[in-house]
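# Chains, contacts and geometry: an overview
Now for the letters of each chain:
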Amino acid sequence: MKILLVGGGGREHALAKALTRDPIVTELHCAPGNPGIAELATLHKVDLENASEIASLAFELSVDLVVIGPEAPLVHGAADAIRALGIACFGPSKLAAQLEGSKDFAKKVMSDAGVPTAQSLTCHSKEEIEKALDKFGPPYVVKHDGLAAGKGVVVTEDRNAALHHALKSSRVVIEDYLDGPEISLFGISDGEMVIALQPAQDFKRAYDGDEGPNTGGMGAYSPLEWAPIDVESKTLEKVLQPTIKEMAKRGTPFIGLLYAGLALTSHGLKVIEFNARFGDPETQVLLPRLKTPLAKLLYAAATGKLRDFAPLEWSSESAVTVVLAAKNYPVSPVVGDEVKLPQEIDGTEVFHAGTTQVDGTLRSNGGRVLSVTGMGKSLHEARDRAYAGIAQIELPGSFYRNDIALKASQVEKRM
(Lines give C-alpha, C1' and ligand atoms only; values in the text may rest on other atoms or scores of the structure.)
Protein backbone atom coordinates (compact mmCIF):
# COMPACT_ATOMS: atom_id res chain seq x y z
CA MET A 1 0.00 0.00 0.00
CA LYS A 2 1.27 3.45 -0.95
CA ILE A 3 0.38 6.18 1.59
CA LEU A 4 0.64 9.97 1.67
CA LEU A 5 0.84 11.40 5.19
CA VAL A 6 -0.01 15.10 5.41
CA GLY A 7 1.67 17.19 8.10
CA GLY A 8 5.04 17.76 9.68
CA GLY A 9 4.84 17.72 13.46
CA GLY A 10 5.42 15.32 16.32
CA ARG A 11 2.04 13.70 15.76
CA GLU A 12 2.94 12.98 12.13
CA HIS A 13 6.34 11.57 13.11
CA ALA A 14 4.57 9.15 15.46
CA LEU A 15 2.09 8.28 12.70
CA ALA A 16 4.94 7.71 10.23
CA LYS A 17 6.71 5.33 12.61
CA ALA A 18 3.52 3.38 13.24
CA LEU A 19 2.63 3.21 9.55
CA THR A 20 6.07 1.91 8.56
CA ARG A 21 5.70 -0.89 11.11
CA ASP A 22 2.67 -2.18 9.16
CA PRO A 23 3.90 -4.76 6.59
CA ILE A 24 1.26 -3.77 4.03
CA VAL A 25 2.91 -0.33 3.61
CA THR A 26 5.22 -0.43 0.58
CA GLU A 27 5.80 3.33 0.17
CA LEU A 28 5.35 6.21 2.56
CA HIS A 29 5.33 9.82 1.40
CA CYS A 30 4.90 12.86 3.64
CA ALA A 31 4.15 16.51 2.94
CA PRO A 32 5.78 18.63 4.18
CA GLY A 33 7.34 16.37 6.83
CA ASN A 34 10.34 17.14 9.06
CA PRO A 35 13.91 15.82 9.50
CA GLY A 36 12.73 12.92 11.66
CA ILE A 37 10.06 11.84 9.20
CA ALA A 38 12.61 12.15 6.38
CA GLU A 39 14.29 9.02 7.74
CA LEU A 40 11.06 7.08 7.14
CA ALA A 41 9.36 8.68 4.13
CA THR A 42 9.92 10.64 0.93
CA LEU A 43 9.19 14.31 1.66
CA HIS A 44 7.29 16.74 -0.59
CA LYS A 45 6.68 20.47 -0.28
CA VAL A 46 3.05 21.49 0.07
CA ASP A 47 0.91 24.35 1.37
CA LEU A 48 -1.12 22.82 4.19
CA GLU A 49 -3.94 25.32 3.63
CA ASN A 50 -4.20 24.57 -0.11
CA ALA A 51 -6.61 21.65 -0.51
CA SER A 52 -6.22 21.33 -4.27
CA GLU A 53 -2.42 21.27 -3.99
CA ILE A 54 -2.58 18.41 -1.48
CA ALA A 55 -5.07 16.49 -3.64
CA SER A 56 -2.94 17.01 -6.75
CA LEU A 57 0.10 15.58 -4.96
CA ALA A 58 -1.88 12.51 -3.90
CA PHE A 59 -3.01 12.00 -7.49
CA GLU A 60 0.51 12.45 -8.91
CA LEU A 61 1.89 9.90 -6.47
CA SER A 62 -0.95 7.43 -7.22
CA VAL A 63 -1.35 6.69 -3.51
CA ASP A 64 -3.88 4.24 -2.11
CA LEU A 65 -4.55 6.21 1.06
CA VAL A 66 -4.05 9.75 2.35
CA VAL A 67 -3.78 10.29 6.12
CA ILE A 68 -4.25 13.90 7.20
CA GLY A 69 -2.57 14.77 10.50
CA PRO A 70 -3.10 18.49 11.30
CA GLU A 71 -6.33 20.43 11.62
CA ALA A 72 -5.58 23.18 9.07
CA PRO A 73 -5.85 21.00 5.91
CA LEU A 74 -9.05 19.46 7.26
CA VAL A 75 -10.89 22.73 7.88
CA HIS A 76 -9.73 23.93 4.45
CA GLY A 77 -11.35 20.95 2.73
CA ALA A 78 -8.36 18.76 1.83
CA ALA A 79 -10.27 15.54 2.52
CA ASP A 80 -13.08 16.62 0.17
CA ALA A 81 -10.64 17.41 -2.64
CA ILE A 82 -8.87 14.07 -2.20
CA ARG A 83 -12.07 12.01 -2.16
CA ALA A 84 -13.30 13.86 -5.26
CA LEU A 85 -10.37 12.23 -7.10
CA GLY A 86 -11.45 8.76 -5.97
CA ILE A 87 -8.63 8.38 -3.42
CA ALA A 88 -9.33 6.95 0.04
CA CYS A 89 -8.73 9.52 2.77
CA PHE A 90 -8.53 9.24 6.53
CA GLY A 91 -9.77 12.62 7.72
CA PRO A 92 -13.14 14.37 7.97
CA SER A 93 -14.67 16.63 5.34
CA LYS A 94 -14.54 20.41 5.68
CA LEU A 95 -18.05 20.45 7.15
CA ALA A 96 -17.40 17.57 9.55
CA ALA A 97 -14.10 19.12 10.66
CA GLN A 98 -16.10 22.01 12.10
CA LEU A 99 -16.33 19.86 15.23
CA GLU A 100 -12.86 21.25 15.85
CA GLY A 101 -12.99 24.36 13.69
CA SER A 102 -15.88 25.90 15.62
CA LYS A 103 -16.52 25.48 19.34
CA ASP A 104 -20.04 26.85 18.79
CA PHE A 105 -20.76 24.20 16.12
CA ALA A 106 -19.45 21.44 18.37
CA LYS A 107 -21.69 22.60 21.22
CA LYS A 108 -24.75 22.51 18.94
CA VAL A 109 -23.90 18.99 17.75
CA MET A 110 -23.44 17.81 21.33
CA SER A 111 -26.75 19.36 22.33
CA ASP A 112 -28.62 17.67 19.47
CA ALA A 113 -26.86 14.35 20.13
CA GLY A 114 -27.46 14.41 23.87
CA VAL A 115 -23.73 14.33 24.64
CA PRO A 116 -22.89 15.49 28.19
CA THR A 117 -20.90 18.73 28.24
CA ALA A 118 -20.65 22.02 30.11
CA GLN A 119 -23.39 24.61 29.83
CA SER A 120 -22.20 27.46 27.62
CA LEU A 121 -23.03 30.69 25.85
CA THR A 122 -21.68 31.88 22.50
CA CYS A 123 -20.86 35.59 22.63
CA HIS A 124 -20.28 38.21 19.91
CA SER A 125 -19.96 41.45 21.91
CA LYS A 126 -18.41 42.80 25.09
CA GLU A 127 -21.85 43.08 26.67
CA GLU A 128 -22.66 39.43 25.95
CA ILE A 129 -19.24 38.36 27.21
CA GLU A 130 -19.63 40.21 30.52
CA LYS A 131 -23.09 38.73 31.08
CA ALA A 132 -21.75 35.23 30.40
CA LEU A 133 -18.80 35.70 32.76
CA ASP A 134 -21.18 36.83 35.49
CA LYS A 135 -23.55 33.94 34.78
CA PHE A 136 -20.96 31.18 35.10
CA GLY A 137 -18.56 32.81 37.56
CA PRO A 138 -15.02 31.66 38.38
CA PRO A 139 -13.08 29.71 37.38
CA TYR A 140 -13.82 31.43 34.06
CA VAL A 141 -13.56 29.26 30.93
CA VAL A 142 -13.19 31.25 27.70
CA LYS A 143 -12.66 29.60 24.31
CA HIS A 144 -12.01 31.31 20.99
CA ASP A 145 -14.43 29.86 18.45
CA GLY A 146 -11.91 29.07 15.69
CA LEU A 147 -8.66 27.15 15.45
CA ALA A 148 -5.99 28.30 17.88
CA ALA A 149 -3.37 25.52 17.91
CA GLY A 150 -4.36 24.46 21.43
CA LYS A 151 -3.79 27.98 22.81
CA GLY A 152 -7.23 29.56 22.34
CA VAL A 153 -8.56 28.53 25.76
CA VAL A 154 -8.13 30.40 29.02
CA VAL A 155 -9.18 29.03 32.40
CA THR A 156 -8.66 31.62 35.12
CA GLU A 157 -9.97 32.98 38.42
CA ASP A 158 -9.17 36.50 37.16
CA ARG A 159 -12.24 38.08 35.55
CA ASN A 160 -10.19 40.81 33.87
CA ALA A 161 -7.87 38.22 32.30
CA ALA A 162 -10.90 36.26 31.08
CA LEU A 163 -12.44 39.38 29.58
CA HIS A 164 -9.17 40.40 27.94
CA HIS A 165 -8.82 36.98 26.31
CA ALA A 166 -12.45 36.97 25.17
CA LEU A 167 -12.15 40.35 23.46
CA LYS A 168 -9.34 39.04 21.22
CA SER A 169 -11.88 37.07 19.17
CA SER A 170 -15.02 38.13 17.31
CA ARG A 171 -16.86 35.07 18.63
CA VAL A 172 -16.15 33.20 21.84
CA VAL A 173 -17.70 30.37 23.80
CA ILE A 174 -17.89 30.94 27.55
CA GLU A 175 -18.86 27.96 29.63
CA ASP A 176 -19.24 26.48 33.07
CA TYR A 177 -16.09 25.05 34.64
CA LEU A 178 -15.85 21.26 34.70
CA ASP A 179 -14.21 19.83 37.81
CA GLY A 180 -12.32 16.55 38.06
CA PRO A 181 -9.37 14.98 36.22
CA GLU A 182 -9.11 15.33 32.45
CA ILE A 183 -8.35 12.58 29.96
CA SER A 184 -8.17 12.24 26.19
CA LEU A 185 -9.94 9.42 24.37
CA PHE A 186 -9.84 8.95 20.59
CA GLY A 187 -12.37 7.29 18.35
CA ILE A 188 -11.64 5.94 14.85
CA SER A 189 -14.74 6.33 12.65
CA ASP A 190 -15.78 5.34 9.13
CA GLY A 191 -18.82 7.61 9.23
CA GLU A 192 -21.12 5.04 10.82
CA MET A 193 -19.04 2.74 13.01
CA VAL A 194 -16.58 3.98 15.65
CA ILE A 195 -13.83 2.17 17.57
CA ALA A 196 -12.44 3.63 20.80
CA LEU A 197 -8.72 3.74 21.51
CA GLN A 198 -7.35 3.49 25.03
CA PRO A 199 -7.30 6.74 27.03
CA ALA A 200 -4.31 8.98 27.67
CA GLN A 201 -3.71 12.06 29.77
CA ASP A 202 -1.87 15.14 28.57
CA PHE A 203 -0.51 18.20 30.33
CA LYS A 204 -1.50 21.53 28.80
CA ARG A 205 0.15 24.10 31.05
CA ALA A 206 3.68 25.20 30.26
CA TYR A 207 5.28 24.71 33.67
CA ASP A 208 5.47 22.25 36.54
CA GLY A 209 2.47 22.06 38.84
CA ASP A 210 0.14 23.06 36.00
CA GLU A 211 1.38 26.63 36.17
CA GLY A 212 1.77 29.07 33.28
CA PRO A 213 -0.13 29.54 30.02
CA ASN A 214 -1.94 26.88 28.04
CA THR A 215 0.13 25.19 25.33
CA GLY A 216 -0.45 22.61 22.65
CA GLY A 217 0.66 20.02 25.23
CA MET A 218 3.86 19.47 27.22
CA GLY A 219 3.64 15.73 27.70
CA ALA A 220 1.35 12.73 28.08
CA TYR A 221 1.14 9.16 29.34
CA SER A 222 -0.84 5.96 28.83
CA PRO A 223 -2.42 3.71 30.05
CA LEU A 224 -4.35 5.31 32.92
CA GLU A 225 -4.48 2.71 35.67
CA TRP A 226 -6.42 5.09 37.92
CA ALA A 227 -9.23 5.77 35.41
CA PRO A 228 -12.59 3.98 35.78
CA ILE A 229 -12.41 0.55 34.15
CA ASP A 230 -15.48 1.35 32.03
CA VAL A 231 -14.28 4.75 30.77
CA GLU A 232 -13.79 3.45 27.21
CA SER A 233 -17.20 1.79 26.98
CA LYS A 234 -18.96 4.78 28.57
CA THR A 235 -17.23 7.25 26.26
CA LEU A 236 -18.16 5.08 23.29
CA GLU A 237 -21.78 4.88 24.42
CA LYS A 238 -22.35 8.43 25.65
CA VAL A 239 -19.99 10.50 23.48
CA LEU A 240 -18.46 8.91 20.38
CA GLN A 241 -21.37 6.90 19.00
CA PRO A 242 -24.01 9.63 19.54
CA THR A 243 -21.77 12.24 17.91
CA ILE A 244 -20.97 10.06 14.88
CA LYS A 245 -24.68 9.23 14.54
CA GLU A 246 -25.64 12.92 14.72
CA MET A 247 -23.05 13.92 12.12
CA ALA A 248 -24.36 11.24 9.73
CA LYS A 249 -27.92 12.43 10.38
CA ARG A 250 -26.88 15.96 9.37
CA GLY A 251 -25.53 14.64 6.07
CA THR A 252 -21.92 15.31 7.09
CA PRO A 253 -20.56 11.89 8.11
CA PHE A 254 -17.37 12.04 10.16
CA ILE A 255 -14.64 9.83 8.68
CA GLY A 256 -11.40 9.99 10.59
CA LEU A 257 -10.31 10.45 14.18
CA LEU A 258 -12.64 12.10 16.68
CA TYR A 259 -10.68 13.32 19.70
CA ALA A 260 -12.74 13.71 22.86
CA GLY A 261 -11.23 15.77 25.64
CA LEU A 262 -13.10 14.58 28.73
CA ALA A 263 -13.55 15.67 32.34
CA LEU A 264 -14.37 12.98 34.89
CA THR A 265 -16.53 15.31 36.98
CA SER A 266 -18.38 14.74 40.23
CA HIS A 267 -21.52 14.61 38.08
CA GLY A 268 -20.17 12.07 35.61
CA LEU A 269 -18.20 12.10 32.37
CA LYS A 270 -18.48 15.29 30.30
CA VAL A 271 -16.88 16.56 27.08
CA ILE A 272 -14.54 19.54 27.33
CA GLU A 273 -13.80 19.74 23.62
CA PHE A 274 -13.64 17.84 20.34
CA ASN A 275 -10.74 17.73 17.90
CA ALA A 276 -11.00 16.29 14.40
CA ARG A 277 -7.58 14.60 14.28
CA PHE A 278 -4.97 12.74 16.32
CA GLY A 279 -4.04 14.70 19.42
CA ASP A 280 -0.50 15.85 20.08
CA PRO A 281 1.26 14.70 22.33
CA GLU A 282 -1.16 11.85 23.14
CA THR A 283 -0.43 10.21 19.78
CA GLN A 284 3.21 9.80 20.84
CA VAL A 285 2.20 7.53 23.74
CA LEU A 286 -0.74 5.72 22.14
CA LEU A 287 0.72 4.61 18.81
CA PRO A 288 3.90 3.06 20.29
CA ARG A 289 1.55 0.91 22.43
CA LEU A 290 -0.83 -0.06 19.59
CA LYS A 291 -0.08 -3.57 18.31
CA THR A 292 -2.84 -3.56 15.67
CA PRO A 293 -1.37 -2.62 12.24
CA LEU A 294 -2.16 1.07 11.82
CA ALA A 295 -2.39 1.27 8.03
CA LYS A 296 -4.98 -1.51 7.93
CA LEU A 297 -7.02 0.26 10.61
CA LEU A 298 -6.97 3.69 8.95
CA TYR A 299 -7.70 2.22 5.51
CA ALA A 300 -10.69 0.32 6.91
CA ALA A 301 -12.02 3.58 8.36
CA ALA A 302 -11.41 5.48 5.12
CA THR A 303 -13.27 2.84 3.08
CA GLY A 304 -16.24 2.23 5.38
CA LYS A 305 -15.16 -1.22 6.60
CA LEU A 306 -14.73 -0.84 10.35
CA ARG A 307 -17.73 -3.03 11.20
CA ASP A 308 -15.77 -6.18 10.36
CA PHE A 309 -12.50 -4.98 11.92
CA ALA A 310 -11.08 -7.11 14.74
CA PRO A 311 -10.77 -5.65 18.27
CA LEU A 312 -7.66 -3.52 18.75
CA GLU A 313 -4.61 -5.10 20.38
CA TRP A 314 -2.46 -3.15 22.83
CA SER A 315 0.91 -3.61 24.47
CA SER A 316 0.78 -4.03 28.24
CA GLU A 317 3.70 -1.58 28.55
CA SER A 318 3.36 1.99 29.76
CA ALA A 319 4.43 5.01 27.73
CA VAL A 320 5.41 8.52 28.86
CA THR A 321 6.28 11.36 26.50
CA VAL A 322 7.94 14.62 27.52
CA VAL A 323 8.04 17.65 25.21
CA LEU A 324 11.11 19.83 24.78
CA ALA A 325 9.98 23.42 24.21
CA ALA A 326 11.94 26.34 22.79
CA LYS A 327 12.88 29.35 24.89
CA ASN A 328 9.89 31.70 25.43
CA TYR A 329 7.31 29.10 24.30
CA PRO A 330 4.35 29.52 23.93
CA VAL A 331 4.37 33.34 23.75
CA SER A 332 7.26 34.00 21.31
CA PRO A 333 9.42 30.89 20.90
CA VAL A 334 13.01 31.37 19.81
CA VAL A 335 13.83 29.43 16.62
CA GLY A 336 16.96 28.75 14.60
CA ASP A 337 19.23 27.40 17.33
CA GLU A 338 21.19 24.17 16.88
CA VAL A 339 19.70 21.01 18.37
CA LYS A 340 22.04 18.23 19.48
CA LEU A 341 20.48 14.80 19.93
CA PRO A 342 21.81 12.05 22.22
CA GLN A 343 22.74 8.51 21.33
CA GLU A 344 19.78 6.15 21.30
CA ILE A 345 18.57 5.10 24.74
CA ASP A 346 16.94 1.71 25.12
CA GLY A 347 13.19 1.92 25.47
CA THR A 348 12.86 5.44 24.05
CA GLU A 349 11.78 7.07 20.82
CA VAL A 350 12.45 10.68 19.77
CA PHE A 351 9.74 12.43 17.78
CA HIS A 352 10.58 15.55 15.78
CA ALA A 353 8.06 18.41 15.78
CA GLY A 354 9.53 21.90 15.29
CA THR A 355 12.84 21.00 13.66
CA THR A 356 14.54 21.72 10.34
CA GLN A 357 17.82 20.91 8.62
CA VAL A 358 19.98 23.91 7.65
CA ASP A 359 23.21 23.07 5.80
CA GLY A 360 23.30 19.65 7.46
CA THR A 361 22.68 21.01 10.97
CA LEU A 362 19.52 20.24 12.93
CA ARG A 363 17.90 23.46 14.15
CA SER A 364 14.75 24.43 16.04
CA ASN A 365 11.86 25.62 13.90
CA GLY A 366 8.89 25.86 16.25
CA GLY A 367 7.71 26.16 19.84
CA ARG A 368 7.52 22.46 20.61
CA VAL A 369 10.76 21.16 19.16
CA LEU A 370 10.96 17.47 20.05
CA SER A 371 9.39 14.92 22.35
CA VAL A 372 10.91 11.84 23.92
CA THR A 373 8.72 8.83 24.64
CA GLY A 374 9.85 6.24 27.15
CA MET A 375 8.40 2.72 27.24
CA GLY A 376 8.55 0.37 30.21
CA LYS A 377 6.95 -2.47 32.11
CA SER A 378 5.72 0.12 34.60
CA LEU A 379 4.84 3.79 34.40
CA HIS A 380 7.77 4.52 36.68
CA GLU A 381 10.20 2.76 34.31
CA ALA A 382 8.73 4.49 31.23
CA ARG A 383 8.98 7.84 32.95
CA ASP A 384 12.60 7.31 33.99
CA ARG A 385 13.54 6.42 30.42
CA ALA A 386 11.76 9.44 28.93
CA TYR A 387 13.52 11.85 31.29
CA ALA A 388 16.88 10.15 30.83
CA GLY A 389 16.50 10.72 27.10
CA ILE A 390 15.30 14.31 27.12
CA ALA A 391 17.99 15.37 29.61
CA GLN A 392 20.63 14.60 26.97
CA ILE A 393 19.15 16.85 24.26
CA GLU A 394 20.99 20.15 23.90
CA LEU A 395 19.11 23.30 22.80
CA PRO A 396 19.95 26.75 24.24
CA GLY A 397 17.21 28.12 26.49
CA SER A 398 14.93 25.13 26.01
CA PHE A 399 12.84 23.69 28.83
CA TYR A 400 10.51 20.84 29.71
CA ARG A 401 8.18 19.95 32.53
CA ASN A 402 9.60 17.69 35.23
CA ASP A 403 6.27 16.37 36.51
CA ILE A 404 4.75 14.53 33.52
CA ALA A 405 3.00 11.41 34.92
CA LEU A 406 4.67 12.03 38.29
CA LYS A 407 1.58 11.67 40.50
CA ALA A 408 0.37 8.56 38.67
CA SER A 409 3.81 6.91 38.94
CA GLN A 410 3.96 7.69 42.66
CA VAL A 411 0.57 6.03 43.17
CA GLU A 412 1.79 3.06 41.12
CA LYS A 413 4.87 2.64 43.35
CA ARG A 414 2.71 2.59 46.49
CA MET A 415 0.47 -0.15 45.13
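Anything mentioned here points back to the structure above.
Quick summary incoming for the structure in this document. (Residues numbered from 1 in each chain as written. Predicted model: local features only at pLDDT ≥ 70, side-chain atom pairs only at ≥ 80, totals over all residues. Heavy atoms only, no water.)

### Brief notes about the pattern of salt bridges
To keep it simple, the criterion reads: What counts as a salt bridge is simple: a side-chain nitrogen of Lys or Arg found within 4 Å of a carboxyl oxygen of Asp or Glu. By the criteria applied, helices consist of DSSP H or I runs no shorter than four residues and strands consist of E runs no shorter than two, each listed in order from the N terminus. A 1.4 Å probe rolled over the protein chains alone gives each residue an accessible area, and that area as a share of the maximum for its type sets the label: buried under 20%, exposed over 50%, partly exposed in between.
In this structure the tally under the stated criterion is 20 salt bridges. Among the ionic pairs, R159 bridges to D134, the shortest N-O distance being 3.1 Å. Separated by 25 residues along the polypeptide, R159 in helix α8 (residues 159-166) and D134 in helix α7 (residues 126-136) bring together distant segments of the chain. When its relative accessible area of 25% is taken as the criterion, R159 is described as partly exposed. Two residues, D230 and K234, come together in a salt bridge whose shortest N-O distance is 3.7 Å. Through salt bridges with shared partners, one network takes in D104, K108, D145 and R171.

### So, the sheet that holds strand β6 (residues 120-123)
What counts here: Pairing between strands is defined by DSSP: at least two bridges between the two strands are required. Geometry is summarised by axes, namely lines fitted to C-alpha atoms with helices restricted to the contacting stretch, and by angles between N-to-C directions that run from 0 to 180 degrees. When checking whether two residues touch, look at their non-hydrogen atoms; a contact exists if any pair is within 4.5 Å.
If you walk across this open sheet you meet the four strands as β6-β9-β7-β8, and the pairing is antiparallel. Each edge of the open sheet is held by one strand with a lone partner, namely β6 and β8 (153-156). For this sheet the average axis-to-axis angle between neighbouring strands, irrespective of direction, equals 20°. Relative to strand β9 (residues 172-175), strand β7 (residues 140-144) runs antiparallel, the two being bridged by four bridges. When the bridges of β9 are listed, V141 appears paired with E175. Each of β6, β7 and β9 touches α7; the most contacted strand, β6, lies at about 165° to it. Relative to β7, α8 is tilted by about 10°, and along the sheet it contacts β7, β8 and β9.

These figures capture arrangement, not role.
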